[in-house]
Structure formats: C-alpha cells, structure tokens
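Survey of secondary and tertiary structure
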Amino acid sequence: MTTTHEAKRYWDAAETVLLRGGHLIDPASDLDERRDLFLRRGRIEAIAPEIAREADLTVDLNGIVCAPGFGDLHVHLREPGSEDAETIESGTRAGAIGGFTRLGAMPNTNPPIDGRGLVEFLIRRAAEAGHARVFPVAAATKGRDGCELTEMRELQTAGAVAVSDDGSPVAHAQVMRRVLEYARTWDLLVITHAEELDLSRGGVMNEGYWSTVLGLRGMPAAAEDIAIARDVRLAELTGARLHVAHISTRRGVEIVREAKARGIKVTGETAPHYLSLTDESLISYDPVFRVNPPLREEEDRQALLAGIRDGTIDIIASDHAPHTQQAKDQELEAVPPGMIGLETVLGVTLEYLHHREGIALSRIVRLLATGPAEIAGWGGGRIRLGEDADLTIFDPAAAWTVDPEAFASKSRNCPFREWRLRGQVRMTVCGGHVTHAEKLTFSPSERLQSQLL
Ligand code: DOR
C-alpha cells in the first residue's frame, strides 16, 4: 500500500503509467465497463479493454471504479477572513481526499469575493497548494449586501464561473432581475440561495412536527419554495441560466421539474445531508445539525430521491461549511448554520443512493462529475484520449467509519461522526498529477525503482 506522498513521488518520476483493470465509468462517452488506461506524463495515451504495454509505473485497480475527476460546485473555503475554520490549503486538501479535482468556492468570505483581485487571489492560492483547482463563485452584489451589482464581466474574465450571494439570498426581486439580466449578457451562471427571509428569520430548524415538539423556532419549507419559484420565474423572464443551490424541499423539486419541462434554463442541486438526514436529528439539540436550509422531513427526502432518479436534480454538492468548535459550541440559537462535507460526499451518496436505493453508479458519477462540469463549464468531467488525466478512482463497496478527527478539513462540524458508510476514494488525479492516494499498490518498474533509490 502506498501513501499519497509515495504515490506522488513514483507518479511524478514515471514517464508512463498503466492504470490496469479499472471499471471505467464516463457518462459523457457512455462508457461503463472494464478498461485499462495508459498515461504518458499524465496525459491519456490509450484507453482499451486490455493494454499489454510496459509502463514505468503500474497501478492495479482490480475492478474498482475509475471516473472523471469529481467537481463540487458549492464549498465554503473561508479564506480570506476565517482561516481558523478553513483555509484554501486545508479545504482543497479535504477536497482531494474526497475525490474532487474542481471546487466552486462561495463568496461569503470576509471580505466577500466581489472584485477581480479576490477572484485572482483564490485561484492563485489554490494553484500554490496544488490539491485541487478552485473556481470562484463571485458575489452577485457588492459586499453581498443585495443592493448594487458587481462588475460581473470583470469577475468572469478573472476566472469566476458563476455569481451568487450564497449564504444569503438576493432579497429584492428587482435586484435579482438585474443580476440575471446582466449575467445573461455574458452567459454567466447565476446560483440562487433560495430563501424568503421574511419567513425564515429567527428559525433554527425546519418548521413542522419536530420544531413544535422540541420547542424550537422553525423555518417553513415555504420560505424556500417561494424563493425558488420567484427566481425560476425571473430566469424565464430574463433568459438567464439559473442554478438552484441546496434544494431541500418537496415543492422545490416540483418547481424545478416543472420549470425544466417548460424549457426554462434552470438546474438543480442538493447535498448529501438532505438525502440522509431529517429534522428528527434535532431531537439531540446538537448544533452540528443546524444548517441552512434546514434538514427537512422524510417526504422531502423522498422527493429529492425522486428528483435524482428523474434528472430534476442535476448535481450533488457538499455545501461544505466549516465552522470552528468554538463557534459551534453554543446553544442552537447562537450557532452559525453549516456542516462540513467534502470528505464524506462520496460515502454518504453511495450509501444512500446506490447501496440502499439501487441508483446506478453511472448516475452517481453524473451527479458528481459530468453534471458539475456541464453546469459550471469549468472543463473536465470526462475521460478523453489526448487530455490530461483528471480522475477519481473509488471502491464503491469499501466500508469505513467516519472519523472527523482524522479529516484534512480544519473543522469538525460533521453530522456523520461514527457512521458506517460504503464507498471510499482510492485515488484522485488532478490535471495529470496525483493529489490523493490510499490503499492502492503502486508497482514501479525496475528502472523507475533504481532511479528513485
Ligand atoms: O448552512 C449554511 N452554511 N448555509 C449557508 O447558506 C451558508 C453556510 C455557511 O457559509 O456557513
């Protein structure tokens, strides 16, 4: 077994690498079968059922899945401003361990990502760290204050893949209309954090049976539904591309489904915690379960599963939202909402969608790799000859126990502590380079071995 450090040493020294016996799943090219991959200096030179060429380095995959590198369109990296909770270095390292090669970084930092310099800063910092590519989702309004639009074109040319005030909604419909109109000019994606604040303000959990039983202030599902409906209608009015972040409600799924059927350019996202948890978790009063939008009811969870089955939900994103122990160690009313997720996305998704619901692995790869690439337009999301390898290799059956203390993330606010999950990343290859490897055997040729002595 080779550690990430050793794997990188072998890999970078090898001119050629053979990834042997993997189950290649690439929805973009309709591939779902055994394939060998032959790489030269990180670039894919051959893809075939069996490749009998000598390589400097051979990695036996023994039937585990080899997919396009995963992309997560919704992460909070906290830098600049809250480096005690996460940094670009620690967050991207957590991403690599979770199988991600591309991360969309939300703008609710301090200061918010609302200018060219900050967009460039994020991209540069991630490149220096070398664990994953970061694509800023820049603020839609200056300071994320919901009033004045940002210089979107400038942000886009600096490298932003979308605009959003995520963390908060764009509260005023007229401002949102202008955001969408302006973004449309540049075919820039707009991501909505859909929340009608007049209805949700003061709530700490979903409004329903459990909030009543527990005596906690609720946020009604209607607060989300109304905001999704508003923004879908504004997307129709303006012709802009709208992506609905972290959908958690049954009606939210229905509104997006209907909008798609009517030809509105809208895409939908949900997060692993909405597929695996409900508001009943708050029975513990544990602040780790406070998140926005809040965990909903079983019927919402079922509707999200249906949305995944019929394609209404296009992608799964972690909404990785790190908070320090100190921030989370208060009564529910005072804690900031949010859960970390980068290192558990695959395990929770495979456990809840594939193992328990029988959803095909190819659909899951689409939700985690192909879909994000199509929506964000950030490249990758496919396995092609002549391109740099960008891969997530995972064992869908490997069982493991979640131990947040061992995470690369600087924060520990993980709701899945001690859960048994099936599905674990074995190797991440980003832009031709290994960024994470575990429990795989790297076999160097004699030549490479002597070269490295
Ligand atoms: O739970 C959440 N946490 N929801 C958000 O919208 C923001 C996020 C954060 O930044 O912590």
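Just so it is clear, the structure is predicted and the values come from calculations on it, not from any experiment. (Residues numbered from 1 in each chain as written. Predicted model: local features only at pLDDT ≥ 70, side-chain atom pairs only at ≥ 80, totals over all residues. Heavy atoms only, no water.)

1. Description of the pattern of salt bridges
Defined as follows: Each reported salt bridge corresponds to a side-chain nitrogen of Lys or Arg within 4 Å of a carboxyl oxygen of Asp or Glu. A run of H or I in DSSP counts as a helix once it spans at least four residues, and a run of E counts as a strand once it spans at least two, with each numbered from the N terminus. Only protein chains enter the accessibility calculation, which uses a 1.4 Å probe; a residue is then buried when its area is under 20% of its type maximum, exposed when over 50%, and partly exposed in between.
This model, assessed by the stated rule, comprises 38 salt bridges. Between Glu254 and Arg251 there is a salt bridge, and its shortest N-O distance comes to 2.7 Å. Here Arg251 and Glu254 lie together in helix α9 (residues 250-261), a separation of three residues that amounts to about one turn. Residue class for Arg251 comes out partly exposed when judged on its relative accessible area of 39%.

2. Considering the side chain of Asn413
Formally: Polar contact is the term for a pair of N or O atoms within 3.5 Å; when the atoms are in protein, one must be able to donate a hydrogen and the other to accept it, and sequence-neighboring residues count only if both atoms are side-chain atoms. We call two residues contacting when some pair of their heavy atoms lies within 4.5 Å.
Within the secondary structure, Asn413 is located in the loop between β16 (391-401) and β17 (420-430). Among the polar contacts made by the side chain of Asn413, one reaches the main-chain carbonyl oxygen of Ala321 at a distance of 2.9 Å. Only 3.0 Å separates the side chain of Asn413 from the backbone oxygen of Gly338, close enough to count as a polar contact. In contact with Asn413, not counting residues within four places along its chain, are Val288, Ala321, Pro322, His323, Lys328, Gly338, Met339 and Ile340.

3. What to know about the sheet that holds strand β7 (residues 100-105)
For clarity, the cut-off: At least two DSSP bridges between two strands are needed for those strands to be called paired.
A sheet is described by the order of its strands in space; here eight strands give the open sequence β6-β7-β8-β9-β10-β13-β14-β15, paired in parallel fashion. Because the sheet does not close on itself, it has two edges, and the strands there are β6 (70-75) and β15 (315-316). Pairing geometry for strand β13 (residues 242-244) and strand β14 (residues 266-270), over three bridges, is parallel. In the sheet register, His243 faces β14, and the bridge partner there is Thr267.

4. Some words on the pairing of strand β4 (residues 57-60)
Pairing between strand β1 (residues 16-26) and β4: four bridges, direction parallel. The residue of β4 that forms the bridge with Val17 is Leu57. Relative to strand β19 (residues 442-444), β4 runs antiparallel, the two sharing three bridges. If you follow Leu57 over to β19, its bridge partner there is Pro444.

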